[in-house]
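Below are the chains, spelled out letter by letter.
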Amino acid sequence: MSTREIKSPEGLPETPASYDGNSDQNRGKKLGMFFMESDNRRMAFGRGYTGGTTPVNIHGKPIKDLSKTGGWIAALFIFGNEMAERMAYFGLSVNMVAFMFYVMHRPFSSASNAVNNFLGISQASSVLGGFLADAYLGRYWTIAIFTTIYLGGLTAITLCATMDIFVPSKDGCDQLSLLLGNCEPAKPWQMLYLNTILYVTGFGAAGIRPCVSSFGADQFDERSKDYKSHLDRFFNFFYLSVTIGAIVAFTLVVYIQMKHGWGYAFGTLALAMGISNMLFFLGTPLYRHRLPGGSPLTRVAQVLVAAFRKRKASFSSSEFIGLYEVPGKHSAIKGSRKIAHTDDFRCLDKAALQLKDDGAAPSPWKLCTVTQVEEVKILIKLIPIPACTIMLSLVLTEYLTLSVQQAYTMNTHMGNLKLPVTCMPVFPGLSIFLILSLYYAVFVPISRRVTGHPHGASQLQRVGIGLAVSIMSVAWAAIFERFRRNYAIQHGYESIFLTAMPNLSAYWLLIQYCLIGIAEVFCIVGLLEFLYEEAPDAMKSIGSAYAAVAGGLGCFAASILNTIVKSVTENKEKQQSWLSQNINTGRFDYFYWILTVLSFINFCVFLYSANRYKYRSQQNFEVGEQVIPSKQNTPIKG
């Protein structure tokens with residue numbers, strides 16, 4: 001690419017539809033910023049749409065009276081849907097490992113990895129739901145379709161837990177037989193059925209997750225002076241609904257399972273999802289919608305193909321006319337405003353490089369608009385931030401299994417009340433609930449004095465705080481696990497790891513639980529708000545899917561890390577490893593220290609990435625309609 005610079009403009013002028021300037025006049029000058037616009041541009045969705053973020057009704061028509069739609073009332077219906085979805089998600093995550101172990105007679109490690117993979121796939125495939133929402137269906141219809149699929153999956157899981165034909169025989173299967181692996185294993189077709197319906201359920205979750213937060217945020221008018229404040233509070237309340245769903249899953253659903261069995265527990269999840277679906281549809285007249293902008297992946301592919309085809313073209317060539325854009329204020333992408341040119345990834349600017357031989361109506365696979373190119377740039381620039389949250393997801397995934405194994409060896413009595421071990425993950429949820437409740441009363445006023453930020457901290461600062469606190473959480477987990485293990489060995493519990501030690505309270509685990517809860521609040525809420533605001537107008541769901549994909553990759557990374565640690569640390573003679581099923585002879589403390597080191601390295605990478613990132617709000621994205629004389633190619637300086 002030419003070494004000449006493309007200056008970012010202070011104002012983006014509209015240039016004439018035709019260009020007849022003398023290119024020789026510009027040789028030797030720095031490349032100016034010229035949007036060459038054409039009324040004959042042939043795009044899949046045409047051009048000149050209502051403003052990119054103008055809300056429409058369910059029929060795609062502009063809403064005449066916005067006061068009768070959207071706002072917090074509409075958001076409440078969306079909160080209810082997310083609460084039920086999270087209740088089902090966490091209800092499956094905390095119960096399915098035990099169900100596979102006790103009912104399907106699968107080894108604990110095998111069941112744990114299977115559930116981790118299910119959780120990972122359900123999150124990582126969220127990009128599919130985001131794609132469908134942004135490209136064709138819109139967020140409302142994507143949620144409507146996938147919640148129905150989700151409900152179908154939960155219903156099938158309930159049938160699996162209630163009908164004997166789907167589970168192996170329990171004859172002669174006591175706890176000792178389970179531990180020794182002597183119980184009749186599930187038949188291949190039974191495991192095939194269970195895995196199939198699990199992944200159907202995960203597919204349903206994948207379609208909902210990237211759309212719900214974005215659809216809820218769509219209910220607020222960005223032209224309002226209180227928009228930023230409403231958006232900030234929305235994402236906090238949104239995650240509060242997530243937390244309430246998790247708390248119900250870790251308490252009520254676990255209680256129902258213990259008292260009435262697996263069928264009633266999974267049936268409760270299906271019933272909650274069915275009720276939430278009804279409420280979601282009841283709120284339909286209140287919702288504000290955004291038009292889908294066509295396939296975002298197609299637009300990304302067009303930019304990459306066009307840039308590759310013109311990779312040898314030069315901005316100093318006599319054939320160069322300008323950087324292509326359609327005329328007027330609105331972009332050629334449905335549901336999107338124009339985006340100003342930036343100097344990042346300038347090799348991609350070749351996709352918008354208009355040459356004389358491109359003709360009057362070039363193919364989008366040969367010439368793209370500046371807005372289309374900038375969409376791709378934004379997607380690339382966003383990647384490092386959610387990528388840095390993969391480590392937090394990995395830690396959370398490990399806590400779901402490792403900390404429960406720790407709790408099995410400890411006293412879970414609270415006075416005369418004995419809490420089930422599977423209820424222990426409720427404490428991060430309780431800490432999240434408490435922190436979110438006090439967030440605006442305590443954290444914001446205090447941090448505002450330090451940072452001067454109106455919301456206490458910027459989005460990236462909140463993500464950074466969360467990652468820093470997660471380091472403290474796993475470091476404490478390592479310190480306490482060393483103490484717990486030594487205590488077990490000293491008091492003769494080394495070989496009886498399923499027997500609780502009466503004098504060692506499981507509530508020491510609350511410290512790591514509460515710290516990871518604080519980390520979640522700051523990191524995930526800040527990340528969701530960051531992705532929604534920074535993503536291109538027509539790619540909001542794809543942007544939100546980044547967070548879910550990062551969570552899914554964290555689940556996969558947890559399974560991979562577990563496998564590596566087991567294979568590396570296993571002693572061929574004693575068949576032991578750091579992650580031995582007998583936690584008292586394993587070295588979970590060493591494993592936690594590995595997580596601490598990895599979390600610290602990840603935090604350093606985040607600091608570097610966040611320091612380099614520039615918020616879109618710091619740039620000018622509105623396109624003016626000034627006119628530049630066609631024969632004057634004076635550069636517009638950034």
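Residues numbered from 1 in each chain as written. Predicted model: local features only at pLDDT ≥ 70, side-chain atom pairs only at ≥ 80, totals over all residues. Heavy atoms only, no water.

Draft legend 1. Focus on the confidence of the model for the protein. Confidence in the prediction of the protein, expressed as mean pLDDT, is 78, and 85% of residues score 70 or more. Mean pLDDT values for the elements of the protein range from 36 in strand β1 (residues 35-36) up to 94 in helix α16 (residues 588-612). Low pLDDT, under 50, characterises residues 1-52; the stretch is placed with 162 contacts to residues that sit more than four places away or in other chains. Across residues 619-638 the pLDDT falls below 50, and counting only partners more than four positions away or on other chains, this stretch makes 57 contacts in the model. (pLDDT = per-residue confidence, 0-100. Helix = DSSP H or I, 4+ residues; strand = E, 2+ residues; numbered from the N terminus. Contact = heavy atoms within 4.5 Å.)

Draft legend 2. Fine view of the packing of helix α14 (residues 510-534) against helix α15 (residues 540-569). Look at α14 against α15: their axes get within 8 Å of each other, and the N-to-C directions meet at 155°. Regarding the angle of α14 to α15, the classification is roughly antiparallel. With respect to the hand of their crossing, α14 and α15 are arranged in right-handed fashion. In this structure, α14 uses L527, L528, L531, Y532 and E533 to contact α15, whose residues at the interface are K540, G543, S544, Y546 and A547. Residue composition of the contact of α14 with α15, by class: six nonpolar, two polar and two charged. (Axes fitted to C-alpha atoms, helices over the stretch in contact; angles between N-to-C directions. Parallel < 35°, antiparallel > 145°, perpendicular 65-115°, else oblique. Left-handed = near helix turned anticlockwise from the far one by under 90°. Nonpolar A, V, L, I, M, F, W, Y, C, P; charged D, E, K, R; others polar.)

Draft legend 3. Region of the structure containing unusual backbone geometry. Positive phi outside glycine occurs at F345, with the angle close to 45°. We classify F345 as partly exposed; its relative accessible area is 35%. (Buried < 20%, exposed > 50% of the residue type's maximum accessible area, 1.4 Å probe, protein only.)

Draft legend 4. Examining helix α12 (residues 426-451) more closely. Taking 1.5 Å of rise per residue, the 26 residues of α12 would be expected to cover 38 Å, yet its terminal C-alpha atoms sit only 32 Å apart, more than 12% below that figure. Most pronounced at Y439, the bend in α12 amounts to some 70°. Among the residues trailing α12, G452 stands out with phi positive, at a value near 80°. (Expected span 1.5 Å × (residues − 1). Bend = angle between axes of the 7 residues up to and from the residue.)

Draft legend 5. Region of the structure containing the packing of helix α6 (residues 227-260) against helix α7 (residues 262-282). Axis separation between α6 and α7 bottoms out at 7 Å; the angle between their running directions is 150°. What the angle tells us is that α6 and α7 run roughly antiparallel. Here the hand of the crossing between α6 and α7 comes out right-handed. Of the residues in α7, those in contact with V253, I256, Q257 and H260 of α6 are W262, Y264, A265, T268 and L269. Taken together, the residues of the contact of α6 with α7 break down into six nonpolar, three polar and no charged.

Draft legend 6. Seen up close, the nonpolar core. If you look at the biggest cluster of nonpolar residues, it comprises 162 residues, and the most contacted ones within it are M96, F99, L194 and F530. Core analysis: the next-biggest nonpolar cluster, separate from the first, contains six residues, Y439, F443, V444 and A457 among them. (Core = buried A, V, L, I, M, F, W, Y, C linked by side-chain atoms within 4.5 Å.)

Draft legend 7. How the structure looks around helix α3 (residues 126-162). In this model, α3 (37 residues) spans only 30 Å end to end at C-alpha, well below the 54 Å of a helix rising 1.5 Å per residue. The largest bend in α3 amounts to roughly 120° and is located at L137.

Draft legend 8. The arrangement of the side chain of T342 in detail. Counting through the fold element by element, T342 comes out in the loop between β2 (320-324) and β3 (353-355). Residue T342 is classed as buried on the basis of its relative accessible area, which comes to 7%. A polar contact of 2.8 Å, which involves the side chain of T342, links it to the side chain of E374. (Polar contact = N/O pair within 3.5 Å; in protein donor to acceptor, adjacent residues only side chain to side chain.)

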